[in-house]
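Coordinate inspection notes
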Amino acid sequence: MPWTNEHIQWLQDTGQTLTLQCGKQAKVYRFHHDVNDQVKMAAWAKHFRNHYCSDAEIDMLKAPEQSRTEYLLEMKFPNETVAPGPSIRAGDFAEILVADYLTFLHGYTVPKTRYDRKGVPNESTKGSDVLAFKQIDGKPSDDELLVYEVKAKLSSGAKSMLQEAVDHSAKDHLRLAESLNGIKQRMIDRNDLQSAGMVHRFQDKTNQPYKLRFGAAAVCSDSAYDGTLLASADSSQHPYSDDLELLAIRGHELMALAHALYERAAHEV
């Protein structure tokens, strides 16, 4: 399997919280990565690459005279320097990190279908950022769907990313049916009928009730992190404010880390 959870050991709960204007609290995590840890970085790069392109399929997908590295850099990964490539890289990196946080630290199932069918590398995938599922044996009414909106600021300069995530999350319930349908179609395309069946279960909340929750996350480099600014966010106008969880993740030079990860992913295939 290409997937790993070793890098998530670098994500540590600081024990700190941000109290927003509306009174809600956001947990603060710190990503203590070590780019010199060759074992974890190599495993993470493989994990990261397979979100965009399965290692088992790359030789069938690339052009005959194209190397695997060229295919990934030209056809799959957002561009390192040409706009809007860097911002797409930042957003994808943050979304995958939050997806791994939900998967490995909170036991959700997060489908890995968001990036591998993108027709244009330098564009974001439409729909909700992260959909996380949890099914409870024997208690289907306790099944849960958690929909996360993720905003990233990996370059220097503080910005109210948590408010932006909250505002965008407020629209997620309107596009939920489309997001679920998109994931299900991609699973059927992969012939992953078991996972498609899981999504199918969450497409009829009226007749098959479950818990619907939302989340908003800000992922920031230290040079862009301003706790006071993030705490100025207000979620009181969110239509699911009572079922909204908030998260802030910070770390050292996360844009440089993202570029290093894409570089390894492209050259170690």
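For the structure given in this document, a descriptive report is provided here. (Residues numbered from 1 in each chain as written. Predicted model: local features only at pLDDT ≥ 70, side-chain atom pairs only at ≥ 80, totals over all residues. Heavy atoms only, no water.)

**Let's talk about the overall build of the chain**
Summing up its helical and strand segments, the chain has nine helices and six strands in all. Here the chain has a C-alpha radius of gyration of 18 Å; the compact-globule value for 269 residues is 18 Å, and the two agree. Counting only C-alpha atoms, the chain reaches 55 × 45 × 30 Å along its principal axes. Per-residue burial over the chain gives 50% buried out of 269 residues. A sequence separation of at least 24 residues applies to 73% of the contacts in the chain between residues at least 6 apart. When the accessible surface of the chain is split by element, carbon and sulfur atoms take 47% of a total near 12,500 Å². Side-chain charges of the chain comprise 31 positive and 38 negative groups, with the mean position of each set lying 2 Å from the other. (Helix = DSSP H or I, 4+ residues; strand = E, 2+ residues; numbered from the N terminus. Rg over C-alpha atoms; globule rule 2.2 N^0.38 Å. Buried < 20%, exposed > 50% of the residue type's maximum accessible area, 1.4 Å probe, protein only. Contact = heavy atoms within 4.5 Å. Areas by Shrake-Rupley, 256 points an atom, 1.4 Å probe, with all protein chains shown as cover. Lys, Arg positive; Asp, Glu negative; His and termini not counted. Charge placed at Lys NZ, Arg CZ, Asp CG, Glu CD.)

**A word on the packing of aromatic side chains**
Considering all chains together, one arrives at 15 aromatic pairs under this definition. Look at Phe214 and Tyr240: their rings are 4.7 Å apart centre to centre, the planes differ by 40°, and that puts the pair in the tilted class. Within this pair, whereas Phe214 is found in strand β5 (residues 211-221), its partner Tyr240 is found in the loop between α8 (227-231) and β6 (244-251), the two being separated by 26 residues in sequence. The buried category is assigned to Phe214, whose relative accessible area is 0%. Judged by relative accessible area, which is 29%, Tyr240 ranks as partly exposed. A cation over an aromatic ring shows up here: Lys134 above the ring of Tyr108, its NZ or CZ 4.1 Å from the ring centre. Directly above the aromatic system of Tyr210 lies the positively charged group of Lys205, at a separation of 5.6 Å from the ring centroid. (Phe/Tyr/Trp six-rings, centres within 6.5 Å; stacked < 30°, edge-to-face > 60°. Lys NZ or Arg CZ within 6 Å of the ring centre and 35° of its normal.)

**Overview of helix α9 (residues 254-267)**
In this model, α9 (14 residues) spans 20 Å end to end at C-alpha, consistent with the 20 Å of a helix rising 1.5 Å per residue. Counting buried residues in α9 gives ten out of 14 residues, a clear majority hidden from the surface. Those residues of α9 that fall on the buried side of the exposure criterion are Leu254, Met255, Leu257, Ala258, His259, Leu261, Tyr262, Arg264, Ala265 and Ala266. Residues of α9 that are buried in the fold lie against β2 (25-31), α1 (38-52), α3 (68-76), α4 (85-106), β5 and β6. (Expected span 1.5 Å × (residues − 1).)

**Considering the pairing of strand β1 (residues 11-19)**
Sheet topology places β1 next to β2; six bridges connect them, and they run antiparallel. Paired with Gln12 across the strands is Arg30, a residue of β2. If you look at the hairpin formed by β1 and β2, you'll find five residues sitting between the two strands, and Gly23 has a positive phi there, around 95°. (Pairing = 2+ DSSP bridges.)

**Considering the pairing of strand β3 (residues 130-134)**
Most of β3 is tucked away, with four of its five residues classed as buried. Two elements, β3 and strand β4 (residues 144-153), share five bridges in a ladder whose sense is antiparallel. Bridge pairing in β4 links Lys134 to Glu144.

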